[in-house]
Amino acid sequence: MTTSLRAFLRKSASSTWTIFILLSVVLFIKIMYFHWFTFHSVLLSSIYHNPSEFFRFWGGKVAPILFLSSFVFLTKRHWWTVFLNIIVDIWIISNVFYFKANGFFLSYESIKLIDNMSGFWDSLYSYMSLDMLLYPFLTIVFSIIIYHSKSAQKTRPLLFCIFMTCSLVVSFIDTILYREFEKTWNGSGVGKEIGETMLAGEQYHYFFPFAHVYFFARVETCTDYNAWSKLYVKEQSVVSFFPAMLIYNILSPSGDIIDLTTEQEEKIAQRINTTSKVCTPSNNVVFILFESLESWALHDVVGYNYMPYLSNIINRDNVLYCDKIKPQVAHANSADGQLIDVTGLLPITDGATCRLYGANKYPSYAECFNYSAIVNPAKGMWNQEIVTYNYQFKELIEPINGSEWGGDKGLLDNMFNYIDSVGEPFCVLGITVSSHVPFTRGETHPKHIIDGMPPIMSAYLNCLSYTDSLIGVFIDKVKETDKYSNTTFVISGDHTILRSENKDIDNFAKDNRIDMQTTKTYTPLIILSPLIKGNITINEPCYQMDIYPTILSLIKCDNYYWRGLGVNLLKIEALTNRQIIEQDAMKLSDLIIRSNYFERYYTHVSADSLQ
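These figures come from a predicted structure and were not determined experimentally.

**Considerations on the overall build of the protein chain**
Turning to step 1, where the next piece is worked out: Counting its regular elements, the protein chain contains 24 helices and 11 strands.
Turning to step 2, where the next piece is worked out: When contacts within the protein chain are restricted to residue pairs at least 6 apart in sequence, long-range pairs at least 24 apart make up 77% of them.
Turning to step 3, where the next piece is worked out: When the accessible surface of the protein chain is summed, it comes to about 25,600 Å², and 58% of that surface belongs to carbon and sulfur atoms.

**Quick look at the state of the cysteines**
Turning to step 1, where the next piece is worked out: For the structure shown, the criterion picks out zero disulfides.
Turning to step 2, where the next piece is worked out: We note that Cys368 lacks a disulfide partner, and the nearest cysteine sulfur, in Cys557, lies 4.2 Å from it.
Turning to step 3, where the next piece is worked out: Judged by its relative accessible area of 7%, Cys368 is buried.

**So, a nonpolar patch on the surface**
Turning to step 1, where the next piece is worked out: A cluster of nonpolar residues, Trp79, Phe83, Ile86, Ile90 and Tyr147, forms a patch on the protein surface that exposes about 580 Å² of accessible area.
Turning to step 2, where the next piece is worked out: Top contributing element to the nonpolar patch by residue count: helix α5 (residues 80–102), with three residues.

**What about the packing of aromatic side chains?**
Turning to step 1, where the next piece is worked out: As enumerated under the stated definition, the model contains 26 aromatic pairs in all.
Turning to step 2, where the next piece is worked out: Taking the centre distance of 5.6 Å and the plane angle of 80° together, the rings of Phe67 and Phe71 count as edge-to-face.
Turning to step 3, where the next piece is worked out: The interplanar angle of 80° and the centroid separation of 5.3 Å between the aromatic rings of Tyr362 and Tyr391 together place this pair among those described as edge-to-face. Taken together, the positions of Tyr362 in the loop between α16 (353–356) and β5 (371–375) and Tyr391 in the loop between α17 (384–390) and β6 (395–397) put the pair 29 residues apart, joining distant regions of the chain.
Turning to step 4, where the next piece is worked out: Members of the aromatic cluster, each reached through a chain of ring pairs, are Phe34, Phe37, Trp91, Phe99, Phe105, Phe241 and Phe242.
Turning to step 5, where the next piece is worked out: Looking at Lys477, its charged tip hangs above the ring of Phe416, at a distance of 4.4 Å from the centre.

**Structural notes on unusual backbone geometry**
Turning to step 1, where the next piece is worked out: Residue Pro425 is bonded to the preceding Glu424 through a cis peptide linkage, with omega at -5°.
Turning to step 2, where the next piece is worked out: Take Pro425: it is sitting in the loop between α18 (408–421) and β7 (426–431).
Turning to step 3, where the next piece is worked out: Even without being glycine, Asn318 reaches a positive phi, approximately 60°.
Turning to step 4, where the next piece is worked out: Mapped onto the fold, Asn318 is located in the loop between α14 (308–313) and β4 (319–326).
Turning to step 5, where the next piece is worked out: By relative accessible area, Asn318 is classed as partly exposed at 30%.
Turning to step 6, where the next piece is worked out: Backbone geometry places Lys556, a non-glycine residue, at a positive phi of 60°.
Turning to step 7, where the next piece is worked out: Note on placement: Lys556 falls in the loop between α21 (547–554) and α22 (582–594).

**Quick look at the nonpolar core**
Turning to step 1, where the next piece is worked out: Counting residues in each nonpolar core, the largest one holds 68 residues, and the members touching the most others are Tyr365, Trp562 and Leu569.
Turning to step 2, where the next piece is worked out: Counting only elements with at least two residues in this core, the list comes to β3 (284–290), β4, α15 (333–343), β7, β9 (523–528), α21, α22 and α23 (597–600).
Turning to step 3, where the next piece is worked out: Looking at which element gives the most residues to this core, the answer is α22, with six residues.
Turning to step 4, where the next piece is worked out: In this structure, Trp562 is in contact with Arg271, Ile272, Thr343, Gly344, Leu345, Pro363, Tyr548, Leu552, Ile592 and Phe598, ignoring residues within four places of it in sequence.
Turning to step 5, where the next piece is worked out: Among the nonpolar cores identified, the runner-up in size contains 56 residues, and Val301, Met307, Val375 and Phe439 belong to it.

**A closer look at the pattern of salt bridges**
Turning to step 1, where the next piece is worked out: Applying the stated criterion across every chain, the model contains eight salt bridges.
Turning to step 2, where the next piece is worked out: The shortest N-O distance in the salt bridge between Lys324 and Asp323 comes to 3.9 Å.
Turning to step 3, where the next piece is worked out: Where salt bridges share partners, they join Lys409, Asp413 and Lys477 into one cluster.

Scoring rules and cut-offs
- Residues numbered from 1 in each chain as written.
- Predicted model: local features only at pLDDT ≥ 70, side-chain atom pairs only at ≥ 80, totals over all residues.
- Heavy atoms only, no water.
- Helix = DSSP H or I, 4+ residues; strand = E, 2+ residues; numbered from the N terminus.
- Contact = heavy atoms within 4.5 Å.
- Areas by Shrake-Rupley, 256 points an atom, 1.4 Å probe, with all protein chains shown as cover.
- Disulfide = S-S within 2.5 Å.
- Buried < 20%, exposed > 50% of the residue type's maximum accessible area, 1.4 Å probe, protein only.
- Patch = residues over 30% accessible without salt bridge, like charges linked within 9 Å, V, L, I, M, F, W, Y side chains within 5 Å.
- Salt bridge = Lys/Arg side-chain N within 4 Å of Asp/Glu carboxyl O.
- Phe/Tyr/Trp six-rings, centres within 6.5 Å; stacked < 30°, edge-to-face > 60°.
- Lys NZ or Arg CZ within 6 Å of the ring centre and 35° of its normal.
- Core = buried A, V, L, I, M, F, W, Y, C linked by side-chain atoms within 4.5 Å.

Set out below in structure tokens:
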């Protein structure tokens, strides 16, 4: 049989056609398997009730396959098809990892930040699964067949032109169908936002044979890159997403400083207190940015309390506790969380703010303190050497040799040493790391195992337990100093982590009545302060941008020239009377950062001129 197969493959015509068909089938399986994994639907039934939608959907998957496979007829040797499969495998598997970790797909900025992500490579094995083996397995089978095929075949330019034309036609029809689909789509979400704006041809960027590439920068169909990437991959394919992502990056705003129109300047100026000054804070601030802390973990999980210290704090006096803080991070999770909490601004809608605009001037309550520092757990992470000082902090404390301090114990020890060594008022922010994937920190900390709980969920909770115990020791140490009675402690998650569509975790949570869903999870906010009377608990959803104005209020710096985009959570009535909604806040913040507003347009509000 093997001899017969080899003989068949060594016939020039048979070999070329076989490789063309096989390459097309292998690429198609990979594309559709990835689509099923991420979206759990292939729209097969729509061929009966909505043929237009059916061909629009499948056209986006078929066009790039025909395009790539048609080159088989133009080349004499076909080993390049093996390398093509390897490249496709790397791209798809990378997106699988990123989707599992973040719930969306790779961006150009994310790829550039790989060398700047401490612990990234160690975290990969947490997301590995047997289903990923399908991609290299298909490539191996394909390579074996290529090995047995004829080493050189005749080129067939006519067939190349025919299939290339087919790919262009399919792509063209797909684009037209998509345009008509958007015009007539009256469903929820994106469809409602598009309206008649999609009719203008200038808002379409055709990239044959990969169909349309559209951008929220030109048409506000999506609020950010993440929404755009999910919509593009869903309607097109993960293969065509690669060139689409590159084109998106080229045409999207870069790190260049933009000029504002008079109307935009006036809109921003409305958020500025022109008569204010930089004031002296009434108390110290200790901010612990808790890596990947999700709200549900603060409550009993199947009858067990993984975080007894913080769970106890939220029920004490002098505490503000918000159970539902919506993360507003974008392309640089922890760094974006730090940006929002410290400056009251939201990250730019494209790219990593800390990288593209780290050199900007930013407002910050840290500007008001005599002593201020950021304690960073890993040297060189998130451009911290630059942004720390542009966030108005006076000192950056991080490991000297480039390694970490051995987790959160080293971090919190350094935070305490700083508090113990400086005068008042002081402000210090520390970024924990032990609950970062792959959730292997705190090896000696006692583990609690619950039968049936998915391993990654169990590891995550036990890491939270480890950091919770260290925070307890840290606050108790500060309590023994004379600075405790004048110190406000702020603890919040930088972002969520189990937010990809993990069905195992969702099913376990549902079966055990755990109040979580991996795609709709919140971070908590805990503020322990002598200035808070009683216990204030907020169960309504709030935003990360609300943390900044709340801190300003607690340190009696409400008249600081930049009061942020959120509301003061100490004023409960403000929750139902927001002056700006989240979408408008994102757009306004994007303009402020890209224009370097606080450097170029409002230099007279600097500390030197106002004190």
